[in-house]
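Examining the three-dimensional arrangement
One-letter residues, chain by chain:
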Amino acid sequence: MEKQSTVLVGVTGCIAAYKSCEIVRGLQKRGCRVKVVMTEHATHFVDPLTFRSLTHEPVAVGLFDDPSDPIHHISLAEEADVFLIAPCTANVAAKMACGIADDLLTTTALACTAPLVVAPAMNVHMYEAEATQRNLRTLKARGARIVEAGSGYLACGDVGRGRLADVDAIVEAALEALEGARRADLAGLSVLVTAGPTEEPVDPVRFLTNRSSGKMGYAVAAAALARGAQVTLVSGPVALEPPAGADVVRVRTACEMLEAARPAFADADIVVFTAAVADLRPAHPADRKLKKGADDALLARIELVSNPDILATLAQERRAGQTVVGFAAETENAVENARVKLETKGADLIVANEVGEGRAFGTDDNQAVLVSRDGERALPLMPKRQLADAILDRALELRAAH
Ligand code: C5P
């Protein structure tokens, strides 16, 4: 039987500490063994007995609490398959960024080589302070997943960013980190993903776009992160939370997407172009709202020009060792079109899928055929997250074959 994974949950001194109880339960429901380490300040918000009752494990607070284990921080660090700090205060994030180890939690963090997931929670001004943002960036650059705080009504009465992310998102991020640690086959690789639709302005209030939800691209980014890759996600406007740990560049138009993707493309080992880029854009977007009546003639004849093909343009700039994946979403003959696109766009792999009413766009499942120069693989209908893994598996096989 597979060994049960241990998530070490670090709880720091912040009112959101009460939500850690739900996080512990959420992880247990997903089959994890959970151990809790708390800072002294956290014990003012939640009694260690609460966590001891939930986990049936001793709850560690002080460096010298356990006389039977004089180097408790090392044994805790070694037991952890993932170290999740939720909520993480500005102070603890700052200490970890500097390598300060002055209590059991921060000493364990320094000694721990397991993946680190950090869910900050604090007052909006503390969260937005340059120092805090820099510390979180430092942790992220070292490979920690930061589950960004949300916006809303804060315990201090302020409204803004700083609220602990949703419990489910935090549990999911810890599970992704566990999965990645188990299967780190993209460790050391950079993956660039383009996702979502683009919006091409007609005037300041109108634009041309399409039905892409971004779900496929976000699933590819999440899968690549889970497997240990460094991920850049260049995203058009979508209503999705980006996966924790991705470098996200938000764009609106196709031209912006090309410019944002270009520098990341140069560094990327695997590039997955899932974005549904608008093929055309208004040639002369108006700088004022076009008026019904007075501007009917302009609205009736919007002159369109072609957008750059981001995949085809960047594939021409590719260097040896890069693997380029594109999509062919078609209402008919997706596989034949995919074979053509392999050549015209200069891709190594095209994911062909038929789209239409209720298919592919906006749904959680997708059915695709993976088309490469050495043949095709038809996959059954599956969740987009699973398809994302299948695409990355194939990309890795193609890399190995070169
Ligand atoms: O030509 P078509 O739009 O069907 O090609 C789809 C593939 O090309 C997708 O991978 C899409 O992300 C990419 N593409 C692009 N830039 C465009 C059009 C498509 O990167 N302007």
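Just above sits the structure.
Scope of this entry: the structure provided in the associated data block. (Residues numbered from 1 in each chain as written. Predicted model: local features only at pLDDT ≥ 70, side-chain atom pairs only at ≥ 80, totals over all residues. Heavy atoms only, no water.)

Here we look at the overall build of the protein chain
Condition: For helices the rule is a DSSP run of H or I covering at least 4 residues; for strands it is a run of E covering at least 2, with both sets numbered from the N terminus onward. Computation of the radius of gyration draws on C-alpha atoms, with the globule rule given as 2.2 Å multiplied by the number of residues to the power 0.38. Contacts: residue pairs with any heavy atoms within 4.5 Å of one another. Values of accessible area rely on a 1.4 Å probe in the Shrake-Rupley scheme; residue burial ignores everything except the protein chains shown. Positive charges are assigned to Lys and Arg, negative charges to Asp and Glu, while His and the chain termini are left out of the count. Just so you know, the charge point we use is NZ for Lys, CZ for Arg, CG for Asp and CD for Glu.
The secondary structure content of the protein chain amounts to 14 helices and 21 strands. For 402 residues, the compact-globule formula gives about 21 Å, and the C-alpha radius of gyration of the protein chain, at 24 Å, lands near that figure. Overall, the protein chain is about 80 × 55 × 35 Å in size when its C-alpha atoms are taken along their principal axes. In the protein chain, the proportion of contacts linking residues at least 24 apart, taken out of those at least 6 apart, comes to 68%. In the form shown here, the protein chain has an accessible surface area of approximately 18800 Å², with 52% of it arising from carbon and sulfur atoms. Within the protein chain, one finds 43 positive and 53 negative side-chain charges whose respective centroids are separated by 3 Å.

Observations regarding the side chain of Asp348
This is how it is decided: The definition of a polar contact used here is a pair of N or O atoms within 3.5 Å, where within protein one atom must be able to donate a hydrogen and the other to accept one, and adjacent residues in sequence count solely through side-chain atom pairs.
For Asp348, the position within the fold is in the loop between helix H13 (334-345) and strand S17 (349-354). Among the polar contacts made by the side chain of Asp348, one reaches the main-chain amide nitrogen of Val324 at a distance of 2.7 Å. Residues contacting Asp348, with those up to four places away along its chain left out, are Arg318, Gln322, Thr323, Val324, Leu342, Val371, Ser372, Arg373, Leu398 and His402.

Focus on the sheet that holds strand S3 (residues 82-88)
What links the strands of a sheet is backbone hydrogen bonding, and the strands pair in either a parallel or an antiparallel sense. Basically, it comes down to this: Paired strands, in this sense, are two strands between which DSSP finds at least two bridges. Every axis corresponds to a line fitted to the C-alpha atoms, with the helix fit spanning only the stretch in contact, and the corresponding angles, defined between N-to-C directions, vary from 0 to 180 degrees.
Pairing within the open sheet is parallel, and its 5 strands lie in the order S2-S1-S3-S4-S5. The open sheet has two free edges, formed respectively by strand S2 (33-38) and strand S5 (145-146), since each of these has just one partner strand. Sheet strands touched by helix H3 (residues 72-79): strand S1 (6-11) and S2. Its angle to S2, the strand with the most contacts, is close to 145°.

Focus: the pattern of salt bridges
Here is the rule we go by: Counted as salt bridges are all cases of a side-chain nitrogen of Lys or Arg within 4 Å of a carboxyl oxygen of Asp or Glu.
What the rule picks out here adds up to 30 salt bridges. Across the pair Asp389 and Arg183 runs a salt bridge whose closest N-O atoms are separated by 3.9 Å. Of this pair, Asp389 sits in helix H14 (residues 384-401) while Arg183 sits in the loop between helix H8 (167-182) and strand S8 (190-195), and the two are 206 residues apart along the sequence.

Focus: the nonpolar core
We apply this condition: Among buried residues, those of type Ala, Val, Leu, Ile, Met, Phe, Trp, Tyr and Cys that are joined through side-chain atoms within 4.5 Å constitute a nonpolar core. To sort residues, take the accessible area from a 1.4 Å probe on protein chains only and compare it with the maximum for the residue type: under 20% means buried, over 50% means exposed, and anything in between is partly exposed.
In this structure, Leu27, Val36, Met38, Phe51, Leu84 and Ile170 are the most contacted members of the largest nonpolar core, which totals 36 residues. At the level of elements, S1, helix H1 (19-29), S2, S3, strand S4 (116-120) and H8 are the ones that each hand at least two residues to this core. Leu27 has contacts with Val7, Val9, Cys32, Val34, Leu84, Val171, Ala174 and Leu175, leaving out every residue within four places of it along the chain. Within the second largest apolar cluster, 35 residues are counted, among which are Leu225, Ala246, Ala368 and Leu387.

Regarding the state of the cysteines
What makes a disulfide is a covalent bond joining the sulfur atoms belonging to two cysteines. Here is the rule: Cysteine sulfur atoms that come within 2.5 Å of each other are treated as a disulfide pair.
Enumeration over the complete set of coordinates arrives at 0 disulfides. Counting only cysteine sulfurs, Cys112 is the nearest neighbor of Cys32, a cysteine outside any disulfide, at a range of 15 Å. With relative accessibility at 7%, the residue Cys32 sits in the buried group. Cys112 forms no disulfide, and the closest cysteine sulfur to it belongs to Cys88, at a distance of 14 Å.

What about the sheet that holds strand S16 (residues 323-330)?
Sheet architecture is open: 8 strands sit in the order S12-S11-S8-S13-S16-S17-S19-S20, paired in mixed fashion. Two strands lie at the open edges of the sheet, namely strand S12 (247-250) and strand S20 (375-378), each paired on one side alone. Each adjacent strand pair in this sheet contributes to an overall mean axis angle of 15°, direction not counted. Pairing of S8 with strand S13 (residues 270-273), which is carried by 4 bridges, proceeds in the parallel orientation. Pairing of Val193 across the sheet is with Val272, part of S13. Against the sheet, helix H9 (residues 215-226) contacts S8, strand S11 (230-235), S13 and S16, and its axis sits at roughly 170° relative to S11. In the packing of helix H10 (residues 254-267) onto the sheet, contacts are made with S8, S11, S12, S13 and S16, and the angle to S8 comes to roughly 165°.

Topic: a nonpolar patch on the surface
Operational definition: The patch calculation keeps residues exceeding 30% relative accessible area without a salt bridge and links them within 9 Å when they carry like charges or within 5 Å when they are nonpolar (Val, Leu, Ile, Met, Phe, Trp, Tyr).
On the surface, Leu208, Leu280, Ile302 and Leu304 cluster together into a nonpolar patch covering about 280 Å² of accessible area. Checked against the element boundaries, Leu208 lands in strand S10 (residues 207-208). Judged by relative accessible area, Leu208 falls into the partly exposed class, the value being 31%.

Re H13
Where we set the bar: Here the expected length of a helix is defined as 1.5 Å per residue gap, with one fewer gap than residues.
With 12 residues, H13 should cover 16 Å at 1.5 Å per step; its first-to-last C-alpha distance of 15 Å lies within 8% of that length. At the exit of H13 stands Gly346, carrying a positive phi of roughly 75°.

Let's talk about the site of the ligand
To keep things clear, this is the line we draw: We call a residue near a molecule or strand whenever a single non-hydrogen atom of that residue lies within 4 Å of it. In this count, Pro and Cys sit with the nonpolar residues alongside Ala, Val, Leu, Ile, Met, Phe, Trp and Tyr, while Asp, Glu, Lys and Arg are called charged and the others, Gly among them, polar.
In the vicinity of the ligand, the contacting residues are Phe273, Thr274, Ala275, Val277, Pro308, Asp309, Ile310, Leu311, Gly326, Phe327, Lys341 and Lys345. Contact distances for the ligand include 2.8 Å between an oxygen atom and a backbone N or O atom of Leu311. Phe327 is positioned with one of its backbone polar atoms (N or O) 2.7 Å from an oxygen atom of the ligand. If you list the elements that add at least two residues to the shell around the ligand, you get helix H12 (310-315), S16 and H13. Partitioned by chemical class, the residues of the shell around the ligand number 7 nonpolar, 2 polar and 3 charged.

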